[in-house]
Amino acid sequence: MKILVVSMLRLGDILLATSVIPNLKREIPDCDIDILINGQFSKVSPLIPGVRKVYSFDRQGIQEIIGSADRNVLEAFYQVDDLVSQLREEKYDRVINLTHNRLSGWIAALIGCPDTQGVVYTGATGFKVGSKWFRYLNDQAEPSRHQVFHFIDVFHYGSGLKSRNRRIELTNTASAQEFAKSTLIHSGKRILIQPFSAEKKKTLTNQQWKNTLELLSKLEPHAHFYVLGVADELKTAASLALLERVSLVECNLEQAFGLLSAGDLLLTVDTSIKHMASATKIKVVELSLGSSDYQKTGIYQAGAYILQPQVPCAPCEHRTQCSRPTHECGNLLDPELVAMCTSQVLRQDDAGIRILAHEYAGQVQILRTYLTTTGDWAAISLADPFDERHIQSWADRFSQKLFLMRAHERPVAEFGTEGDQLKVVLEKAFPDRGGADWRNQLKRIETDLNWVESGTQELLGELKQILGSFADTQKLDPFIEKFQRFESEILERLGLTSNGAQISRCLEEIRHETNTFVIVKKIREQLVSARQLTNIELKLIRGLQTAGLGGVHQ
Amino acid sequence: MILFKQSRTGFQVPELDGIALHSLVDPVKEAIQMVDAAMPRLMGARTVIVLGLGGGFHLDEIKRQITGNIVVIEARQELADEVLAKDPRRIDKDHVLVAPSTEDLLESSVLLEAMAQKFAIFKHAPSIRIASSYYSKINSLLTDRRIEFLKKMTLHNPRLYSFFERVEKSNSQFDVRAISKTIDLEGTEGDTELIVQVMRELIV
């Protein structure tokens, strides 16, 4: 079987997409896997194991031809045409498009493989995304404001993979190992620092880094610090090199992976180096700043820590400048906090980190990453308030998964395993709570969900009444108003859950729709989904009530 | 007037009107550097259209690095005659288009065949400097985005030719943004249209 995996965005996205390759190999043992990536990042190719051929789409080159009056525009046409011809000649049995944009949809259409997962342009019917998981990805285009799945998990399920183990796997080449050996020459713990980001808002100021390293150096007097970067980046950080036990290390991707494989801890912002680290056993502290959306692209590793400043604008939009007068999220990341947390992670002082999390609660969220036994990634805040909203947000995420897996359509639904995992996550998030506390909260959530359930039933009943006369705006308009009120009440009572978010999106879509039939159809689909999702969540919550959360069985 | 001078490395370098067309120190090394710098553009081309024959050192290097054909456009007949006479194996003389007018150039089946599939343009800077007004006209022709010219250029590519015929009714220029608005892409799965959409997506 020949499979093409398509990832046409940036380096980080390519690394995340490669996570499906090992499992494709395991689940379809005789398959050949090729990848199509953005040519700008083809230097990552030697690091990706299990790939037969790497195809590059020369995005920059083609853009340059189209944009330059001094180039023949046919050259651009032929570049695309030639690549497409090569890909077609491969006669792929399956194409998995993990790039969620129109460009990749056009290219997937040109490749013309009948079994295409992910975005593909289909002619008369426009773009289709295939799996419900890819539709879910489409719905998560905005920065995350509630619990959502990590991209690696979405890619995994969207690609139809079953295995519980999933992670990025990369090759540590002999030359990279040699480079690491000759670079990490100092005694003591080896702490790698990745302070550079293409987006200014995703990192700290030089002064903040300097202060952090000074403090960390005092906390870890026997450690040595290696600041990683390319030549241009390192030039901007010359002041760090003046600090004691700090070395600036110029390295390429391959060499960086060698260092990560041999280092003890990585302190990093949201970069491709972070994703590479997830393919190693190095301890990681991630600073999630600016548009960094840790829920979707956080460090995919168990036992790593993420520091997320608590500002209402986080995460912000990609590729836009910080909209605030000052870099609020960056300012909240106190060098003392970063240094102390990093030191405690290095020393595996979990209790100390939890104390720190409570001390900084409301200012910076400290999250610990975790992989459930079903293989899903989760980042659990160490000091979330024990309230209905936070508990419900986890229940919501687990329900969403069962919904996407269509568990509710099967005669015997797999609620048990997910229910057990939900219990584990909740007990990790709130380890000190007793049975009575849990009973009270779960009861409240159950009441709210019952209210949502009856609300959707009622609206569906009313919709049925107006189905025969949906063109009559006198009947439809009051119904839409009621649907809008329902959305507001959900958001008020439950916060931004999957149901609330989906209903909001539905309202947004119908706002621009003039065809009343389409409006009615969309609302109906949304209400049916909301009811199914609520029923799943109710089952999970009821399961939790009898599962003995907090050590007390009902 | 053409003279040949020997480079320090022993190669015959043509000098046109007193200007050497290659390095008089090491023309081969210079050609390697020139072609290396252009390689990202040339990679994968079925034909490289070279503006300027010079002494042909750059042709040798292009041939060494890519498997495709070469078509040369040269301004000076006497230079072409002398260079091809010195080493006829360097390039098929039918692939050297000497001093055609811009109109004639678009009648050349050698060039049109080259433009019917993936091609790239390599500019030999010293040749262009010597006959700048000629090459400027050629360059303008080769980069012209008017549909009428593109139709001529794609005469040997029926798929593209018919696409340009189709869009010609509503567009005078190949502006992918404008074209993808005027042609009916919705519901079409034609390859050419889809490729134009890919190009459009890259500039949006």
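How each quantity is defined
- Residue numbers run consecutively from 1 along every chain, following the written order of its sequence.
- Chain letters and ligand numbers both follow the written order, the letters beginning at A and the numbers at 1.
- Two thresholds apply to this predicted model, a pLDDT of at least 70 for residue-level local features and 80 or more for giving and counting side-chain atom pairs, whereas whole-chain, interface and lining totals are computed over all residues.
- To obtain the side-chain values, all non-hydrogen atoms of the structure were used and water was disregarded.
- Labels follow the DSSP assignment, with helices taken as runs of H or I lasting at least four residues and strands as runs of E lasting at least two, numbered in each case from the N terminus.
- The reference for a compact globule is 2.2 Å times residues^0.38; the radius of gyration itself is calculated from the C-alpha atoms.
- Burial classification: accessible surface area is computed with a 1.4 Å probe over protein chains only, and a residue below 20% of its type maximum counts as buried, one above 50% as exposed, and the rest as partly exposed.
- It only takes one pair of heavy atoms within 4.5 Å for two residues to be counted as in contact.
- Where accessible areas are quoted, they stem from the Shrake-Rupley method and a 1.4 Å probe; at the residue level, only the protein chains shown are allowed to cover.
- Should a side-chain nitrogen of Lys or Arg be within 4 Å of a carboxyl oxygen of Asp or Glu, the pair is scored as a salt bridge.
- Here the quantity called buried area is the accessible surface, traced with a 1.4 Å probe, that two parts lose on coming together, added over both.
- Under the rule applied, a polar contact is a pair of N or O atoms within 3.5 Å (in protein, one hydrogen donor and one hydrogen acceptor; residues adjacent in sequence only if both atoms are side-chain atoms).
- We call Asp, Glu, Lys and Arg charged. Ala, Val, Leu, Ile, Met, Phe, Trp, Tyr, Cys and Pro are nonpolar, and the rest, Gly among them, are polar.
- Axis lines are fitted to C-alpha atoms, over the contacting stretch for helices. Their N-to-C directions set the angle, which ranges from 0 to 180 degrees.
- Small angles under 35 degrees read as roughly parallel and large ones over 145 as roughly antiparallel, with 65 to 115 read as roughly perpendicular and the rest as oblique.
- Left-handed is the label given to a crossing in which the near helix is rotated counterclockwise from the far helix by less than a right angle, and right-handed is the label when the rotation is clockwise.
- Paired strands, as defined in this entry, are two strands with at least two bridges between them according to DSSP.
- Expected helix span is given by 1.5 Å per residue-to-residue step, counting one fewer step than there are residues.
- Here, the arc refers to the directions that run from the helix axis to the C-beta atoms.
- Pairing of aromatic side chains requires ring centres within 6.5 Å, counting the rings of Phe and Tyr and the six-membered ring of Trp. Pairs whose planes differ by under 30 degrees are stacked, by over 60 edge-to-face, and all others tilted.

**Student:** How do you make sense of the overall build of chain A when you look at a structure like this?
**Tutor:** Secondary structure summary: chain A contains 23 helices and 15 strands in total. Taking 2.2 N^0.38 as the reference for a compact globule, 554 residues should give roughly 24 Å; the C-alpha atoms of chain A span a radius of gyration of 25 Å, in line with that estimate. Seen along its three principal axes, the alpha-carbon backbone of chain A occupies a region of about 75 × 65 × 50 Å. Looking at chain A as a whole, 58% of its 554 residues qualify as buried. Taking contacts inside chain A between residues at least 6 apart in sequence as the whole, the part at least 24 apart equals 66%. Summing over all exposed atoms, chain A offers an accessible surface of approximately 22,800 Å²; the carbon and sulfur share of this is 49%.

**Student:** Looking at this model, I keep getting lost on the overall build of chain B. Mind explaining?
**Tutor:** Check the secondary structure of chain B and you find eleven helices and seven strands. Each principal axis of the C-alpha atoms in chain B carries an extent, and together these give about 65 × 30 × 25 Å. Burial statistics for chain B: of 204 residues in total, 51% are counted as buried. By sequence separation, contacts in chain B at least 24 residues apart represent 55% of the contacts at least 6 residues apart. Element-wise, carbon and sulfur atoms account for 49% of the exposed surface of chain B, whose accessible area totals about 9,600 Å².

**Student:** What is the right way to read the pattern of salt bridges from this model?
**Tutor:** Two side chains bearing opposite charge may form a pair once their charged atoms approach each other closely. Residues and elements named next belong to chain A. Counted under the stated rule, the structure contains 51 salt bridges over all chains. One salt bridge connects Glu199 with Lys201, and the closest N-O pair in it is separated by 3.9 Å. For the pair Glu199 and Lys201, a shared accessibility class is recorded, and that class is buried. Among the salt bridges present, the one from Lys202 reaches Glu199, with a minimum N-O distance of 3.9 Å. With relative accessibility at 16%, the residue Glu199 sits in the buried group. Through salt bridges with shared partners, one network takes in Glu199, Lys201, Lys202, Asp270, Lys274 and Glu286.

**Student:** Can you help me understand the interface of chain B and chain A in this one?
**Tutor:** Think of interface size as the accessible area that goes away when the parts come together; that is how it is often given. Taken residue by residue, the interface counts 40 residues in chain B and 33 residues in chain A. The junction of chain B with chain A conceals about 3,200 Å² of combined surface from both sides, 61% of it contributed by carbon and sulfur atoms. Asp191 of chain B is paired through a salt bridge with Arg88 of chain A; the nearest N and O atoms lie 2.9 Å apart. Across the chain B-chain A interface, the total number found is 16 residue pairs in polar contact (both at pLDDT 80 or more). Of all elements in the fold, only β7 (119-123), α7 (132-142), α8 (147-153), α9 (158-168) and α11 (191-203) of chain B reach the threshold of two or more residues within the side of chain B that touches chain A. Considering only residue class, the side of chain B that touches chain A consists of 19 nonpolar, ten polar and eleven charged.

**Student:** What exactly am I supposed to notice about the packing of helix α9 (residues 206-219) of chain A against helix α16 (residues 335-346) of chain A here?
**Tutor:** Helices that pack against each other are described as a pair by the angle of their axes relative to one another and the distance between those axes. All names here are of chain A. Packing of α9 against α16 brings their axes to within 8 Å, and their N-to-C directions diverge by 40°. The pairing of α9 with α16 is recorded here as oblique in orientation. In this structure, the crossing between α9 and α16 has a hand that is right-handed. Along its contact with α9, which presents Gln208, Asn211, Thr212, Leu215, Leu216 and Leu219, the element α16 presents Pro335, Glu336, Val338, Ala339, Met340, Thr342 and Ser343. Split into classes, the residues belonging to the contact of α9 with α16 amount to seven nonpolar, five polar and one charged.

**Student:** I would appreciate a short explanation of the packing of helix α18 (residues 388-404) of chain A against helix α23 (residues 516-547) of chain A in the present structure.
**Tutor:** Residue and element names in this part refer to chain A. Direction vectors running N to C along α18 and α23 enclose 120°, while the axes themselves pass 9 Å from each other. Viewed along their axes, α18 and α23 adopt a mutual orientation that is oblique. In terms of crossing hand, the pair formed by α18 and α23 is right-handed. Taken together, the residues of α23 that come into contact with α18 (itself represented by Gln392, Ala395, Asp396, Phe398, Ser399, Gln400, Leu402 and Phe403) are Ser529, Gln532, Leu533, Ile536, Glu537, Leu540 and Ile541. Split by residue class, the contact of α18 with α23 holds eight nonpolar, five polar and two charged.

**Student:** Hey, could you run me through the environment of Leu507 of chain A in this one?
**Tutor:** By secondary structure assignment, the location of Leu507 of chain A is in helix α22 (residues 498-511). The contacts of Leu507 of chain A, once residues within four sequence positions are left out, are Phe483, Gln484 and Glu487 of chain A.

**Student:** Explain the sheet that holds strand β15 (residues 377-381) of chain A to me, please; I cannot follow it from the model alone.
**Tutor:** Picture the strands of a sheet paired through backbone hydrogen bonds; they go either parallel or antiparallel. All names here are of chain A. What the eight strands build is an open sheet, ordered β10-β9-β8-β11-β12-β13-β14-β15; its pairing is mixed. For this open sheet the edge positions go to β10 (246-250) and β15, each flanked by a neighbour on one side alone. Across the sheet, the axes of successive neighbouring strands diverge by a mean angle of 25°, strand direction being ignored. Of the strand pairs in this sheet, strand β14 (residues 364-371) and β15 are connected by five bridges, and their pairing is antiparallel. The residue bridging Leu371 from the neighbouring strand is Trp377, located in β15. The sheet contacts of α9 involve β8 (190-194), β9 (224-229), β10, β11 (265-269) and β12 (283-287), and relative to β9 the element is tilted by about 155°. Helix α12 (residues 253-262) rests against β8, β9, β10 and β11 of the sheet, and its axis sits at about 140° to β8.

**Student:** Would you mind showing me how to read helix α21 (residues 473-494) of chain A here?
**Tutor:** Residue pairs spaced three or four apart in an α-helix point in one direction, given the helix's 3.6 residues per turn. Residues and elements named next belong to chain A. In a regular helix each residue adds 1.5 Å, so 22 residues correspond to 32 Å; α21 covers 31 Å between its end C-alpha atoms and thus fits that length. Among the residues of α21, those classed as buried are Leu476, Phe479, Ile480, Phe483, Phe486, Glu487, Ile490 and Leu494. For α21, the angular spread of buried residues about the axis comes to 110°, placing them on one side. Every exposed residue of α21 that faces more than 90 degrees away from the buried side is listed here: Gln474 and Glu492. Considering only its buried residues, α21 is in contact with α18, α20 (435-466), α22 and α23. Downstream of α21 by a residue or two, Gly495 has a phi angle that is positive, lying close to 80°.

**Student:** It is not clear to me how the packing of aromatic side chains should be interpreted in this structure. Could you clarify?
**Tutor:** When we look at a pair of aromatic rings, we describe it by the centre distance and by the angle of the planes. All names here are of chain A. In the structure shown here, the tally under the stated rule is 18 aromatic pairs over all chains. Ring geometry for Trp133 versus Tyr136: centroids 6.0 Å apart, planes at 70°, classification edge-to-face. In this pair, Trp133 and Tyr136 are both assigned in helix α6 (residues 132-139), three residues apart and thus about one turn of the helix distant. The buried category is assigned to Tyr136, whose relative accessible area is 6%. Taking 4.7 Å as the distance between ring centres and 25° as the angle between the ring planes, the aromatic pair formed by Trp133 and Tyr157 counts as stacked. Of this pair, Trp133 sits in helix α6 while Tyr157 sits in helix α7 (residues 151-158), and the two are 24 residues apart along the sequence. Judged by relative accessible area, which is 3%, Trp133 ranks as buried.

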